[in-house]
Structures are given as C-alpha cells and as structure tokens.
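Inside the fold
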Protein chains: 2
Amino acid sequence: MNPKITRFIAEKNPATPCLVVDVDEVEARYRALGQALPQARIYYAVKANPARPILDRLVGLGSCFDAASWEEVSLCLQAGADPAAISFGNTVKKVSAIRAAYEAGVRMFVFDCREELEKLARHAPGSRVYCRLLVDNYAAEWPLSRKFGTTVESARDLMLAARDMGLDPYGLSFHVGSQQLSAEAYEVAIARVASLFTDLSAAGLDLRMINLGGGFPIRYREDVPEIDHFAEAIFGAMTEHFGNAMPDMLVEPGRFIVGEAGVVHTEVVLVSARGRTDGLRWVYLDIGRFGGLAETENESIRYAIRTGRDGAPSGPVALAGPTCDGADILYEKTRYDLPLDLESGEVIDLLGTGAYVSTYCSTRFNGFAPLAEHYI
Amino acid sequence: MNPKITRFIAEKNPATPCLVVDVDEVEARYRALGQALPQARIYYAVKANPARPILDRLVGLGSCFDAASWEEVSLCLQAGADPAAISFGNTVKKVSAIRAAYEAGVRMFVFDCREELEKLARHAPGSRVYCRLLVDNYAAEWPLSRKFGTTVESARDLMLAARDMGLDPYGLSFHVGSQQLSAEAYEVAIARVASLFTDLSAAGLDLRMINLGGGFPIRYREDVPEIDHFAEAIFGAMTEHFGNAMPDMLVEPGRFIVGEAGVVHTEVVLVSARGRTDGLRWVYLDIGRFGGLAETENESIRYAIRTGRDGAPSGPVALAGPTCDGADILYEKTRYDLPLDLESGEVIDLLGTGAYVSTYCSTRFNGFAPLAEHYI
C-alpha cells in the first residue's frame, strides 16, 4: 500500500469510511503517461475525481481537461484551467450547458448525432467539434458502448455537415471502455478512424485530431499491462496509418491518473457465518455500493483489500455494505479471503479507489453521510 | 398525475431535475394503510424518504419509525418522534450507532446473527430485540433476500440466547422484498413465524410481536393489488395461526407511503435515432441511474412517464441518463413509447418517484448537483 497513505492513516486515524488520496501519486501517474505517450495531449477525465487538490495539481502540470458537464467545466476554471484547455466531452449536453461553456471560452465539444451537432452549431458557433465513433468494448471491465457513439458512415456525414454548419470539424474520438485490458482495442479503433480520415480527405475535408479516449487499466487484484505496452501499440498503429501526417492526439485518462492514488479506509461493522456451515462468512463494511463503490455492480471492479494482518490464516468471505438494501452486496461470487479472526470494529483498506468513488457516493442513502475525503 | 403536483409544476416551473412530493398524499397513504390493517402499528421506513416535511407529518399522525442508521434515528428525534416509537431496523449496526441510539432512548433493535446479538446485549442492555427470518422474495420486483435474515432453527437458538443475555426477546420479523406483488408471500412467511412462536413457547419463551416488514406495492406502469387485498390475506393468516392470542403486529412500509406521492420533473436533453433505421430513438433525460433512479438497475422498477402530449402519435424509445457512464441507461429492453415529435428541451414527468430516489442520488457524479426536492 502507498506508504504516504499508510502513514497518514496511522498518524491521523481518520473516521471511517473515508477516501485518502496521495496527490503526489496523481502527479506521478500524470507524468508517467506523458512520458509513455509524449505525442498525446492529456485531457484528464474530471469525472474520475473532481476534487480541487487534484485539479489544482494538474493545472500546475499543464494538463488539459475532459469535462462531462458545465459544472465540471466550471470546476476546472475555478482551479485556474485555461478554457482553451477544456474539452466538453459529454455527447449529451443541455443547451444551457453548451451556452455557459461557450461563454466561458470553451471551444471544443464532442457530439455523436445530428441533433447534438445542430445544438452546437447554434449555441457554440465556430467551435472545434469532434464526433464519437462506436467501437468494440469487448475486453473492458467497465464497458461503455451501447449508449454512445455512431457508425463510421454516419460520422462521415456528420463531419461534412459540421463544416456546412460553420463549425470546425476537428476530428474523431472513440472510447474502448474503462479498465480496458487489451491494447488491440486501440489498434482496431485507430484503423477505423484512419480509414474515415482518408474518406473525408477524399471528400475535401481534412481532419486534424484523434481523441483516443481513456480506458487505460490500473492494478486492482491482478497485474495489468504497463502503460508502455498501450503506448507502443497506439503509437505503432498511428504511425502505420498516418505516417508523417500525424494528427493531434488526445487522451482522456481518469482512472489511470487517480485510481491507484486512492485508498478507502473502512470499518468492519459485522462478521458472521449467519448459520452457514461451509466456512463462508459475511463481512459487512461501513461503505458499500451506495457509499461510493458503485463499480462493484455485477462485481465488475474487484478492489484489493489490505487488513492489518495479511498473511494470517484466512478463509472465504462475502462482502456487503452497511445499508438495508439487498442489492448492497460488493462481492459474493468473486472469491475473497480475509483473516479467520476478523472482527467487528477492525479497520481495513480498499486499494485503487481513487477514481469513481467519491462522486458515485449517494447523498444520504439509509442516512449515511457522504464519504469523507482527504487529499494529502 | 397528482393534481396538486401538476399545479405546482405549472405555476412554479421549477428547475429540472427535481422531485416534487405531495405531503398530503403521504398522509392519505398512511391513513389508508392504517384503515386497511388497524391491527398493526406502522413503522415508516425512513430510508424511503427521510425529508423533514414527511417526518413532521408522520410524527403528527402518530406514526412509528423504522430507522436504518443512527443518522436516521436522529432525524426522527429531530422531527419530534418519541424514542419509544423508533425501531433500529438494520441488522448491521456499528457499536457506536447502537450506543448512540440507546442513549437517546431507543429500545427496539433487530438482529439476525449471534455476533450482532452480542453487540446489542452489551451496548443496548435490556432492550427489546427481534430476529429477522430469511423468507422467499420470489415475487418481489426489488428482492432483498440474500444479504439478510436467518433460518428458523438459528432464530430459535438466538431468541433463547437473547433471553439468557438479559435482552427482551420480543418477536420475529421478515421482509418479503420490496414492491412485492403476491399476498401469498406474507401468508407463507406468517405460517413460518407462527410455527417458531409455537416452538419457542414449548421451550418456555413466549414471543409477543411479529414484524411483517414492508414490501406493499404501488402503481408504476401497471395496476397492483389494492392494500386491502394484502391486509385481508395478512389478517386471515394471522387469525388462522394465532386465533385470539394475537401478538403485536408491526409493519414497515416505505415505498407504499411515499412512492406515489412523488413526481420527478425532468428535461429531455437529447432525442436521436443515432443512425438507426428501426424507429427506435434514444431519449436522454437530465436525471438517470446516478441522479436518483437507482432502482432502474436491471430495469427493475419501471416508472410511468407523462408528457405534455400523451395520446399524440408515439414510437419506441430507449431512455438514458445524462452522464458519460455507459451503465447510466434506464430502459433499453423494456418497451417505452414517447411522442414522435419529442424534442430536446421539453419537460416530462416520472410518476411514483417519491420513494428511494432523493437518497440514492449521487453527491455529484459527472458534476451534476443532487436532485432538488420540493415538498408541497
């Protein structure tokens, strides 16, 4: 576990549940990605964790930002981000949000259908726009595919329409899904984008940008390929398809930047075999699916757990949250083992929880206050 | 749609998304349940909607309260509830929460395993305790079964142990699942509880209470059996099994009391066929699964939708929320039809949203502020 966070918890003994994030680790991850993929501009996906200390640090490092809403645009501006460094990256935007962002100086917007493009033409005239393509999410642990993106054929028409509407048809984007384990997913998507670049060029429209989205995986319970592996695959595919005419490359990492920088510190509320004789115990924590661990839905994201006695004799457990909701179960099918003498009142840590935890947290489900956050 | 809420929305034109709750309707539902089942004391399940105007009204009506946490106990006390009218109804409680509730005068607690019972014996000595039995949730639209409850055999041992620990072994509870459509589920559970009453009586322990839980369904898109139907089945089963020696009967309705009293007023952010030629349009609202509509997970709860032009020519839609999360889809498999000329910027209403919406809402996922609430 991150030594700075370990020390903070030991010294401060913060009330549980809480999220502790090492902002230096955020910086280290940002720098690591920049080194692995120096050709790309990094647009941090603010939705992964919009905490001010993270935004402040990233603004200082020269990061750009991918905002999902006007509210996130506003958070970036408050942290000192240049509006020219902000992409409004949600394909679904209220007119009021488009207007507010445009008035604040934001000039880059995504879309994936004609109706959204028409909104942009009207309320963000002249802006750079890019179209999101639908691509395969097959190897992603948190897939994103059904709701967003359009076909190559439709994107072609829409980019030409964007020009006719007085917008600046800047480029194309795709998302291979979050926590994507296969570099091939990027290669396949880049090939598809490249063919559309060629098509549109033949139609007299030269695109200048590829937004590769995010999806770079982090370590939960198992090792994942290093970022260099993805970077090499991406750069290889880009070189193969674009040669010397390399377009602007954007990436939108969220989980990769903040995930491993965070630890959720939680208390065991109850441990019980509940009358079972097969050795399985139920362990109830003071945080669950509705306290921020929403990505445990369907046991998709499987966090690593640290106790004060790792290595002690252990046995299988099911893990659940503290609410009266029957759906508030973290892991029942996935095998987890915890110390045999684990007891109510003990504190344990969930690693890799810096991303998509503080914001999913409910306002007060079952009366529980939102997750406390510490940025160190 | 509720005429008071219709008028409020027409007159005030509140910003979307928001929840509007008719507190008079809450009272009407409370009274209707009391009339249908006069033998039972009503413990309102605070988790369904803990808003102060609702608690105030129910305190005034003499309701008791089922609290899921110390924080909910505290909300009830702030609204003027008598601590003797509060049941701490979560089988999973922190020691600090048990202590705080006990110190505040709460004397009724649930448990479903020995470890929790031991906590109660130590930190809430002498309190009334009741044991939650595991029962079948098969006809519930939002089942609760796996995480809670114990077997009849285990409950027998635990109730005897409770007596030995100096607690007051008051009774038994079960939950047939939320939005339960079958009255038979109650009948089966009552029979099981009754047999355990008999067993324990033979062992020298006379229980005095049955907590029937909640689960009474409300109307979403389809009619559901009237509350009288459930009340008759329950009273019939109770009479059959207990005759003149009727124990105290408790019910813990949440959804039934507040669900139909609420309407979510939402704006259509985008409507698009997204290149499809089969007539299906995607409709994106400014509220989704992470803005409070968590019960649309797996399309479990299917809200009725009202537009300003119901009856106009309509066609099939998929419905999704406003976030960049691919999981933020409300209905894709369930058939919904909306007007063919539905447009971005229109407001529509989701009915039956008074329960389990305001509290599931995330603190700020994708930057969106928590759902605004209006109690009228």
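Note that the structure is predicted; figures quoted are calculated from it, not measured.

Reading the values: rules and limits
- Residues numbered from 1 in each chain as written.
- Chains lettered and ligands numbered in written order.
- Predicted model: local features only at pLDDT ≥ 70, side-chain atom pairs only at ≥ 80, totals over all residues.
- Heavy atoms only, no water.
- Least-squares fit on C-alpha atoms with pLDDT ≥ 70 in both.
- Contact = heavy atoms within 4.5 Å.
- UniProt positions renumbered as here; feature names shortened; annotations may be inferred.
- Helix = DSSP H or I, 4+ residues; strand = E, 2+ residues; numbered from the N terminus.
- Core = buried A, V, L, I, M, F, W, Y, C linked by side-chain atoms within 4.5 Å.
- Buried < 20%, exposed > 50% of the residue type's maximum accessible area, 1.4 Å probe, protein only.
- Domains from an automatic or database assignment.
- Buried area = accessible area lost by both parts, 1.4 Å probe.
- Polar contact = N/O pair within 3.5 Å; in protein donor to acceptor, adjacent residues only side chain to side chain.
- Nonpolar A, V, L, I, M, F, W, Y, C, P; charged D, E, K, R; others polar.
- Pairing = 2+ DSSP bridges.
- Right-handed = clockwise from strand over helix to strand, strands pointing away.
- Salt bridge = Lys/Arg side-chain N within 4 Å of Asp/Glu carboxyl O.
- Phe/Tyr/Trp six-rings, centres within 6.5 Å; stacked < 30°, edge-to-face > 60°.
- Lys NZ or Arg CZ within 6 Å of the ring centre and 35° of its normal.

**Observations concerning the relation of the copies chain A and chain B**
Between chain A and chain B, which share one sequence, the superposing operator has a rotation angle of 180° and an axial displacement of 0.0 Å; the RMSD is 0.0 Å. Each copy turns onto its partner about a two-fold axis. When C-alpha positions in chain A are compared against the rotation axis, the closest is assigned to S362 of chain A, at 2.0 Å. The overlap is high: 100% of the interface residues of chain A also sit at the interface in chain B, so the same surface is used on both sides.

**Quick notes on the UniProt feature "modified residue: N6-(pyridoxal phosphate)lysine" (unreviewed entry) in chain A**
Within this numbering scheme, the UniProt entry marks K47 of chain A as carrying the feature "modified residue: N6-(pyridoxal phosphate)lysine" (unreviewed entry). Following the sequence through the fold, K47 of chain A ends up in the loop between strand 2 (40-45) and helix 3 (52-60).

**Focus: the nonpolar core**
One finds Y44, F174 and L319 of chain B to be the most contacted residues of the largest nonpolar core, which totals 109 residues. If you count residues domain by domain, this core takes at least three from each of domain 1 (50-253) and domain 2 (260-375) of chain B. In contact with Y44 of chain B, other than residues within four places in its own chain, are N49, I54, L55, L58, S63, C64, F65, D66, P253, G254, I257 and V258 of chain B. V73, L160, L196 and I227 of chain A belong to the second largest nonpolar core, which has 108 residues in total.

**Re the domain arrangement of chain A**
All names here are of chain A. For chain A, the assigned domains read domain 1 (50-253) and domain 2 (260-375). Computed over C-alpha atoms only, the centres of domain 1 and domain 2 are separated by 34 Å. Contact residues are listed per partner, giving eleven residues for domain 1 and 18 residues for domain 2. Counting the surface lost from both domain 1 and domain 2, the interface buries some 1300 Å², and carbon and sulfur atoms represent 61% of this. The interface formed by domain 1 and domain 2 holds two residue pairs in polar contact (both at pLDDT 80 or more) in total. Of all the elements in the fold, those that place two or more residues in the side of domain 1 that touches domain 2 are helix 3 and strand 7 (140-142). A class-by-class count of the residues in the side of domain 1 that touches domain 2 yields seven nonpolar, one polar and three charged.

**What to know about the pairing of strand 11 (residues 248-251) of chain A**
All names here are of chain A. In terms of strand pairing, strand 2 meets strand 11 through three bridges, oriented parallel. Its bridge partner being in strand 11, A40 is matched across the sheet by M249. As paired strands, strand 10 (residues 209-211) and strand 11 are joined by three bridges and run parallel to one another. Looking at the pairing, I210 lines up with M249 of strand 11. This β-α-β element, strand 10 to helix 9 (residues 227-242) to strand 11, shows right-handed connectivity.

**Points about the interface of chain A and chain B**
Taken together, the 65 residues of chain A in the interface contact 65 residues of chain B. A combined buried area of about 5400 Å² lies between chain A and chain B, and 54% of that area is made up of carbon and sulfur atoms. Counting the contacts that link chain A with chain B gives ten salt bridges. Close ionic contact of D328 of chain B with K147 of chain A constitutes a salt bridge, the shortest N to O distance being 3.7 Å. Elements with a minimum of two residues in the side of chain A that touches chain B: helix 4 (70-78), helix 6 (114-123), strand 12 (262-272), strand 13 (281-285) and strand 16 (329-339) of chain A. Element by element, the count of residues in the side of chain A that touches chain B is highest for strand 12 of chain A, at five residues. When grouped by side-chain class, the residues that make up the side of chain A that touches chain B number 26 nonpolar, 18 polar and 21 charged.

**Quick look at unusual backbone geometry**
Following T16 of chain A, the chain continues into P17 of chain A via a peptide bond in cis, with omega recorded as -10°. By secondary structure assignment, the location of P17 of chain A is in the loop between helix 1 (3-12) and strand 1 (18-21). Backbone geometry places Y356 of chain A, a non-glycine residue, at a positive phi of 55°. Phi is positive for E299 of chain B, close to 55°, though the residue is something other than glycine. Along the chain, the position of E299 of chain B falls in the loop between strand 13 (281-285) and strand 14 (305-306).

**As for the packing of aromatic side chains**
Within the structure shown, the criterion is met by 26 aromatic pairs over all chains. Aromatic pair F216 of chain A and F256 of chain A: ring centres 6.2 Å apart, planes at 80°, arrangement edge-to-face. Of the two residues, F216 of chain A is situated in the loop between strand 10 and helix 9 and F256 of chain A in helix 10 (residues 255-258); the sequence distance between them amounts to 40 residues. F256 of chain A carries the same exposure label as F216 of chain A, and that label is buried. An aromatic cluster is present here, built from Y186, F216, F230 and F256 of chain A joined pairwise through their rings. Seen from the ring of Y102 of chain A, R107 of chain A lies directly overhead, with NZ or CZ sitting 3.8 Å from the centre. Lying over the aromatic face of Y170 of chain B, R128 of chain B brings its terminal NZ or CZ to 4.1 Å of the ring centre.

**Structural notes on the environment of L371 of chain B**
Residues and elements named next belong to chain B. You can see L371 is positioned in the loop between strand 17 (347-351) and strand 18 (372-375). When the C-alpha atoms of L371 and V357 are compared, they prove to be 8.7 Å apart, with 14 residues separating the residues in sequence. Discounting residues that sit within four places of it in the chain, L371 has contacts with P17, C18, L19, I287, G291, V357, S358 and C361.

**Brief notes about the environment of T91 of chain B**
Residue and element names in this part refer to chain B. Checked against the element boundaries, T91 lands in the loop between strand 4 (86-88) and helix 5 (95-103). By relative accessible area, which is 1% here, T91 ends up buried. Once the C-alpha coordinates of T91 and L133 are considered, the two residues, 42 residues apart in sequence, prove to be 11 Å apart.

**Describing the environment of R335 of chain B**
Residue and element names in this part refer to chain B. When you line up the elements, R335 lands in strand 16 (residues 329-339). For R335, a relative accessible area of 54% corresponds to the exposed category. It is 9.7 Å that separates the C-alpha atoms of R335 and G315, two residues lying 20 residues apart in sequence. Among all residues touching R335, those that are not within four sequence positions of it are R221 and P316. Within the local environment of R335, its side chain forms a polar contact with the side chain of D337, the two groups lying 2.9 Å apart.

**With respect to the pairing of strand 6 (residues 128-133) of chain B**
Residues and elements named next belong to chain B. Extensive coverage of strand 6 is indicated by the burial of five of its six residues. Where strand 5 (residues 108-111) and strand 6 come together, four bridges link them in parallel fashion. Bridging across to strand 6, F109 finds its partner in V129. One crossover worth recording links strand 5 to the parallel strand 6 by way of helix 6 (residues 114-123), and it is right-handed. As paired elements, strand 6 and strand 8 (residues 168-174) share six bridges and run parallel to each other. The residue bridging C131 from the neighbouring strand is L172, located in strand 8.

**Brief notes about the side chain of H175 of chain B**
Residues and elements named next belong to chain B. Residue position: H175 is located in the loop between strand 8 and strand 9 (178-180). Take H175: its relative accessible area is 15%, and that puts it in the buried class. One polar contact links H175 to E252, side chain to side chain, over a distance of 2.9 Å.

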